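Notes for the structure review
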Amino acid sequence: MTAVAEGLPGVSRTSAVERKSSVTARSDRVRLFFQPVAVIVIVGAVVVWALSSDLNANEQETLNLPTILTLTGQHILITLVVSVLVVAIAVPLGIALTRPGPDRVAPVFLALANLGQAAPALGVIVLFFLWTGIEGLWAVAIPLVFYTLLPVLRNTMVGIQQVDRSLIDAGRGIGMSAAGVLWRVELPLAVPLILAGLRTALVLAVGTATLAFFVNGGGLGELIDTGYKLQLNSVMYVGAALAIGLALLVDWLGGVAEQWLSPKGAE
Amino acid sequence: MTVAMEDTETKAVSGAEIRLENVTKRYPNTKAAAVDEFSMVIPAGRIVVFVGPSGCGKTTTMRMINRMVEPTSGVITIGGKDALHIDADELRRGIGYAIQQAGLFPHFTVAQNIAVVPGLLKWDKKKIDARVDEMMDLVGLDPGTFRHRLPRQLSGGQQQRVGVARALAADPPVLLMDEPFGAVDPITRGNLQDELLRLQNELGKTIVFVTHDFDEAVKLGDKIAVLGDRSTIQQYDTPDAILANPANDTVAGFVGAGASLKQLTLLRVRDVPFDTDNVIAVDHGDAPAQVAEKLRLADRAYALVLDERQRPLRWVHRRELAGRTSLLDAGKPVGDSVTTQSTLQDALEAILTEGGRAVVTGARGELIGTIDISTVTDVIANVRETHADGGSA
């Protein structure tokens, strides 16, 4: 058979592809290893330093492990709620807006999401509070969903639209249903882009969740705020270091998810 | 007709006849129909090639058969069954579909790609696995090596083979192929075409093949439909009928220069009346003087020297025999020869290199006869005459 002869160009092309991806894969692996290590070392050092130094009464009020853990927990909860809501809203919406028919109103939704992201997060949070009077977790989570929707929505749509039309044609042509093509071809091939969008959204959410203290939502913003108002530098340091560390950790988790959930063979 | 056609008469046919009656496709907001009142019968177990310029609607016409394009009006039946009033997905699972650049799913392995349609048809896993291996063998890819590869780890030609395997996996009676070999290099394309003909010889599917390459159409088609604007049928006939007698200027333009030379690729030496007694054949052990006498009596200039198994060795001229003791070093060796399986194109090549007459040999290399340029020209003239009255459409 000629399969052997034809195998030759195939082999060289394959190795070229693998070489290229192996370089990026290696840099990704390095980053995936060092990022959490760096986060743990830096955040741990700051917290240990703060807790073990001579604290006055005011500092002891906030700089104790239970308070730090509670505030961190609140911060993580806000981020979690926001990400779950964003995925639950943006992915199905993004899919729907790429279907023939609804795709005509896609610009409207994209414009709305753009608006959400363009508006300053603090403004959106405060306006939402003034308008609804809600306080606490939901007063932060709902405006933040609006604020972080765009990356996931846009990446879901782009991810599906960039799937080679001939694959969809081939899928339908051999008898897969429209839903079958969506589930087995379009969505898996869009997963890398959707995850990249989610990663961006999560980093945005974790960063802006520091504004939650404005509407009584808790979170690490409270440490920074307290430290600032009472001029307690150590409290500010701990709050800032934890917020940054959490953002980097979330970014790392996103990277891990991209690495593991992206289908093989889809570049 | 040629022997090639008779071969297909006798082989197993698993294909189904496709009928299109007054099939029209009209897109909204356009005045002219994309395909206008298209009617054609595609015989079971044959390869019919739609050939025509880009944008003539040949792909649209083909895609209406599996309703990737929904006809606006008309009737399409496959194996007598109405194709337009059943579920489109069900219909397509019973029709093989191969497209340019194969359209393999990049995140599926070769085996998963081939298994898609059997999976949709809910075959059990064992049967699917066995079928995948069978299909990979059929298209010449070793299952052990390639089953778990991803499409991007294959060459273009290998991807195309997987594409054909996927199209054939559920053993559909009908196969639609939309320029499947358009994106591979010429050598691989030639190989894939040969492979398809071999497969078709085994399987006897009804194949509708779309291409803009007329030579590909001549090579693959049992019948060729030359299509013009809005998919109007300019000519629908066998390749040799179209080559011999293009129905109009459009077809002639598409056939292009060298129609007679292309014709020669369709005919084989066994199909033409080559000379079987027009040469003086002598044994290599004969005495040269005896041979010279024989030639003088027959009033001929050349003799053909054979070995003990009747295989042609040398051409000798009467003048070259004087004073020789053996025939084995007289004259010049036979260079290019042809067999009864050779195409007339090969024969013409041999005639030209041998200087006017080429030796025709049988399966074991034994002399059967000779062929000269007048045989070739007579055949071409004959074919043209046969098809001059319009032939059968």
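Throughout this document, residue positions are counted from 1 along each chain, in the order its sequence is written. Here every chain gets a letter starting at A, and every ligand a number starting at 1, in the order they are written. In keeping with the predicted nature of the model, local features appear solely for residues at pLDDT of at least 70, side-chain atom pairs appear and are counted solely at 80 or more, and the whole-chain, interface and lining totals rest on all residues.

Brief notes about the overall build of chain B
The cut-off we apply is this: Comment: elements are numbered from the N terminus, with helices defined as DSSP H or I runs of at least four residues and strands as E runs of at least two. Exposure criterion: with C-beta atoms placed from backbone coordinates, a residue whose C-beta has 20 or more other C-beta atoms within 10 Å is buried, one with 12 or fewer is exposed, and one in between is partly exposed. Contacts here follow a simple rule: the backbone-placed C-beta atoms of the two residues must lie within 7 Å.
Counting secondary structure elements, chain B contains 16 helices and 17 strands. Principal-axis analysis of the C-alpha atoms gives chain B an extent of 85 × 55 × 35 Å. Out of the 393 residues belonging to chain B, those deemed buried represent 46%. For chain B, long-range pairs separated by at least 24 residues make up 64% of all intrachain contacts whose partners lie at least 6 apart in sequence.

Let's talk about the sheet that holds strand S17 (residues 367-372) of chain B
All names here are of chain B. This is how it is decided: A pair of strands counts as paired when DSSP detects no fewer than two bridges linking them. For helices, the fitted line uses only the C-alpha atoms of the stretch in contact; every axis is such a line through C-alpha atoms, and the angle between N-to-C directions lies from 0 to 180 degrees.
Across the sheet, three strands lie side by side as S15-S16-S17; this open sheet has mixed pairing. Two strands lie at the open edges of the sheet, namely strand S15 (337-339) and S17, each paired on one side alone. Direction aside, neighbouring strands of the sheet carry axes that sit 35 degrees apart on average. Of the pairings in the sheet, the one linking strand S16 (residues 357-361) to S17 comprises five bridges and is antiparallel in character. Residue pairing for S17: Thr-361 is matched across the bridge by Leu-367. Against the sheet, helix H15 (residues 344-354) contacts S15, S16 and S17, and its axis sits at roughly 130 degrees relative to S16.

Observations concerning the interface of chain A and chain B
Put simply, the test is: All residues other than Ala, Val, Leu, Ile, Met, Phe, Trp, Tyr, Cys, Pro, Asp, Glu, Lys and Arg, Gly among them, are scored as polar; the first ten of these are nonpolar and the last four charged.
Counting residues at the interface gives 26 residues for chain A, matched by 28 residues for chain B. Element by element, the count of residues in the side of chain A that touches chain B is highest for helix H1 (residues 3-52) of chain A, at seven residues. Residue composition of the side of chain A that touches chain B, grouped by class: 13 nonpolar, nine polar and four charged.

Focus: the confidence of the model for chain A
Residue and element names in this part refer to chain A. In plain terms, the rule: A residue's pLDDT is the predictor's confidence in that residue, given on a scale from 0 to 100.
When pLDDT is averaged along chain A, the result is 84; 91% of the residues meet or exceed 70. Here H1 stands out as the least confident element of chain A, with mean pLDDT 65; helix H7 (residues 165-173) is the most confident, with 94. This model gives residues 1-20 a pLDDT under 50, and the stretch forms 18 contacts once residues within four places in sequence are excluded.

Let's talk about helix H5 (residues 121-132) of chain A
Residue and element names in this part refer to chain A. This is how it is decided: For a helix, the expected span equals 1.5 Å multiplied by the residue count minus one. Comment: arc refers to directions from the helix axis out to C-beta atoms.
Spanning 12 residues, H5 covers 16 Å between terminal C-alpha atoms, matching the ideal 16 Å at 1.5 Å per step. Of all the positions in H5, only Ala-121, Val-124 and Ile-125 are classed as buried. Mapping the buried residues of H5 onto a view down its axis gives an arc of 100 degrees, with all of them on the same face. More than 90 degrees from the buried face of H5, the exposed residues found are Gly-123, Leu-130 and Trp-131.

Focus on the pairing of strand S12 (residues 302-306) of chain B
All names here are of chain B. Heads up, the rule is: Crossover handedness is defined here as right-handed if the route from the first strand over the helix to the second strand goes clockwise, with the strands pointing away from the viewer.
The pairing of strand S11 (residues 280-283) with S12 spans four bridges and is parallel. Its bridge partner lying in S12, Ile-280 is registered against Ala-303. Between the parallel elements S11 and S12, the chain passes through helix H14 (residues 288-298) in a crossover that is right-handed. Sheet analysis places S12 next to strand S13 (residues 312-317), joined by five bridges and oriented antiparallel. Note that in S13 the partner of Leu-306 across the bridge is Pro-312. Connecting S12 to the next strand, S13, in antiparallel fashion are five residues, including Gln-310 with a positive phi near 70 degrees.

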